[in-house]
Amino acid sequence: MLDRTSVTAFGHVIDGQVTDRATKEGIDVLDPSTGRVFARLPRGTAADVDRAVAAARAAFEGDWGAMSALERGRILMRLSALILEHAAELAELECLDTGKPMTQARNDIAATARYFEYYGSAADKHHGETIPYTRGMTVMALRVPHGVTGHIIPWNYPAQIFGRSVGGALAAGNACVVKPAEDACLTPLRMAELALEAGLPAGALNVVCGLGTEAGAALAGHVGINHISFTGSPQTGTAVAKAAAENHVPVTLELGGKSPQILFADADLDEALPVVVNAIVQNAGQTCAAGSRVLIERSIYGEVMKRLAERFAALKVGAGIDDPDCGPIVSARQLRRVSELVDAALADGAKVVATARMDAAAPEGGFYYPPMLLDGAAPESRLAQDEIFGPVLAAFPFEDEAEAIRLANATPYGLTASVWTRDGGRQMRCAHAIEAGQVFINNYGAGGGIELPFGGMKRSGYGREKAFEGMISFTTIKTVVLKHG
Ligand code: NAD
């Protein structure tokens, strides 16, 4: 367990070693619940990224690349077991680093272990194809790894996004270089050490700490990288895709959303409303798949808003370690961003319907933003269109199914959506008409589901992670044409 009374120096994990433990010149890591510095990271440079890419290449061309799929899978399964053995330590680290409530941190670590279990057991089960071609010839389409893959991951789910991205890439046989976010990256560093304990050869998995504009940009534009997986903001996604394009490197982009939760008048509200609230309050709304808009059929608008307001008012906000309903925002910078977007929405005509309450025992200095329910905004306003990335739910009425679908699709994003109705025909009509990578009917996964393909349409990005699909993204096809007569 981490000594919470002092500042722990972390290092990169490169070529099987923890290196360059942070000095005072490094990057301070703050506990969002208290604002206190509790860890420090090295500020990685382009030279550190060069070392990591060289180590990954050597592993890919050496021990790691030579391993059978079965052996690779067994190592990932051992890593999964080690993550579960260290679950208490990792959950505490995730909670301190991101501010998320302990229960959620524990769930995130369990999900991360499950990613390595899923991909470990899938490593020897994805096949290429043979193609019936000309008599006297056999054609094989082999599924081969890209080589060295780059992974730029955000601060909102450091453990889970590390698991889903690196798990699929390693299972497919790639060697990885990860640049986690400077605001929260301690669990990926710790899990990279556990991977060595699990038997992963040195260099197969490297984690370089540092700033996005320095280490991140160096990784995105590196000539030694063969594929990049990026999760984060649309602006940075554009920069990463442009840098990758210079080297003609394929990219997977997962860029967030403005996901609608649609409540029809025939919905089971007792079941729906707790899910609707959780879909925006989970992780203090800092979830790419957060259900940040609730669209409510006009005939039940008043009743639903009353019941949602009661739920928001009952939520308690406090330090992650005390396991409240909602923890703090990750950083002072993000808190300012959320607060400015909400202030602009209020100036634009939106009204606050309810806010959650602060835990009186919450420490001073934390970055708290109590969950808030708003209505009265126009569907074209910034509140309806922009990803706030905070625990802010905006409500909008609709008249009929056609308007619900029109509003659901009326943002640049298309990541996830939920539809709450008992009408079977409408369930499927909505599922087909909504532009989103995942549509949930009478439930909401908020991005969950290791086994479910996940990714965006429109400005939410392209490519898929999670599920088998996620592993296939980390491969390419080599066609072998054998003439045997
Ligand atoms: P960001 O996109 O800047 O950061 C994500 C990752 O990219 C981090 O690891 C960061 O170090 C890295 N990065 C930053 N600049 C880079 C560059 N030029 N080249 C390569 N890598 C770079 O996100 P942020 O600034 O921390 O957050 C801003 C907003 O992004 C949030 O308010 C939210 O709307 C959105 N966001 C979305 C997700 C998501 O899951 N879709 C996650 C985090 C943030």
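Treat the numbers as computed from the prediction; the structure is a model and nothing was measured. (Residues numbered from 1 in each chain as written. Predicted model: local features only at pLDDT ≥ 70, side-chain atom pairs only at ≥ 80, totals over all residues. Heavy atoms only, no water.)

Quick rundown of the overall build of the protein chain? Include the residues and the values.
Within the protein chain one finds 16 helices and 23 strands. In terms of overall size, the protein chain behaves like a compact globule, its C-alpha atoms giving a radius of gyration of 23 Å where 485 residues would be expected to give roughly 23 Å. With the principal axes as the frame, the protein chain shows a C-alpha extent of 70 × 65 × 40 Å. Taking all 485 residues of the protein chain together, 58% fall into the buried category. Relative to all contacts within the protein chain whose residues are 6 or more apart in sequence, the contacts with residues 24 or more apart total 75%. With 44 positive and 55 negative side-chain charges, the protein chain shows a spacing of 3 Å between the two charge centroids. (Helix = DSSP H or I, 4+ residues; strand = E, 2+ residues; numbered from the N terminus. Rg over C-alpha atoms; globule rule 2.2 N^0.38 Å. Buried < 20%, exposed > 50% of the residue type's maximum accessible area, 1.4 Å probe, protein only. Contact = heavy atoms within 4.5 Å. Lys, Arg positive; Asp, Glu negative; His and termini not counted. Charge placed at Lys NZ, Arg CZ, Asp CG, Glu CD.)

Mind laying out the layout of surface pockets, listing which residues take part and the relevant values?
Approximately 940 Å³ is the volume attributed to the largest pocket. Looking at the largest pocket, it is lined by 38 residues, and the ones nearest its centre are Trp155, Gly232, Ser233, Thr236 and Arg333. Sorting the residues of the lining of the largest pocket by element identifies helix H8 (212–220), strand E11 (227–231), helix H9 (234–246) and helix H12 (332–347) as the ones contributing at least two each. Counting residues per element, the lining of the largest pocket draws most heavily on H9, at 6 residues. For the lining of the largest pocket, the residue count by class is 17 nonpolar, 12 polar and 9 charged. Taken domain by domain, the lining of the largest pocket gets at least three of its residues from each of domain 1 (8–255 + 463–479) and domain 2 (260–450). In this structure, the second largest pocket spans a volume of roughly 600 Å³. (1 Å grid on protein atoms, 1.4 Å probe; cavity = no way out; pocket = protein on both sides within 12 Å on 5 of 7 lines; lining within 4 Å. Points joined across faces, edges and corners; volume = space filled by probe spheres on them. Nonpolar A, V, L, I, M, F, W, Y, C, P; charged D, E, K, R; others polar. Domains from an automatic or database assignment.)

Residue-level account of H12, with values.
Three- or four-residue spacings in an α-helix give side chains the same orientation, since the helix completes a turn every 3.6 residues. For H12, built from 16 residues, the straight-helix expectation of 22 Å at 1.5 Å per residue is met to within 8% by its first-to-last C-alpha distance of 22 Å. Within H12, the full set of buried residues consists of Gln334, Leu335, Val338, Leu341, Val342 and Ala345. End-on view of H12: buried residues confined to an arc of 135°, all on one side of the axis. Residues of H12 that are exposed and point more than 90 degrees away from the buried face comprise Arg333, Glu340 and Ala347. Packed against the buried residues of H12 are strand E18 (372–375), helix H13 (382–385) and strand E19 (392–398). Two residues or fewer after H12 comes Gly349, characterised by a positive phi angle close to 115°. (Expected span 1.5 Å × (residues − 1). Arc of directions from axis to C-beta.)

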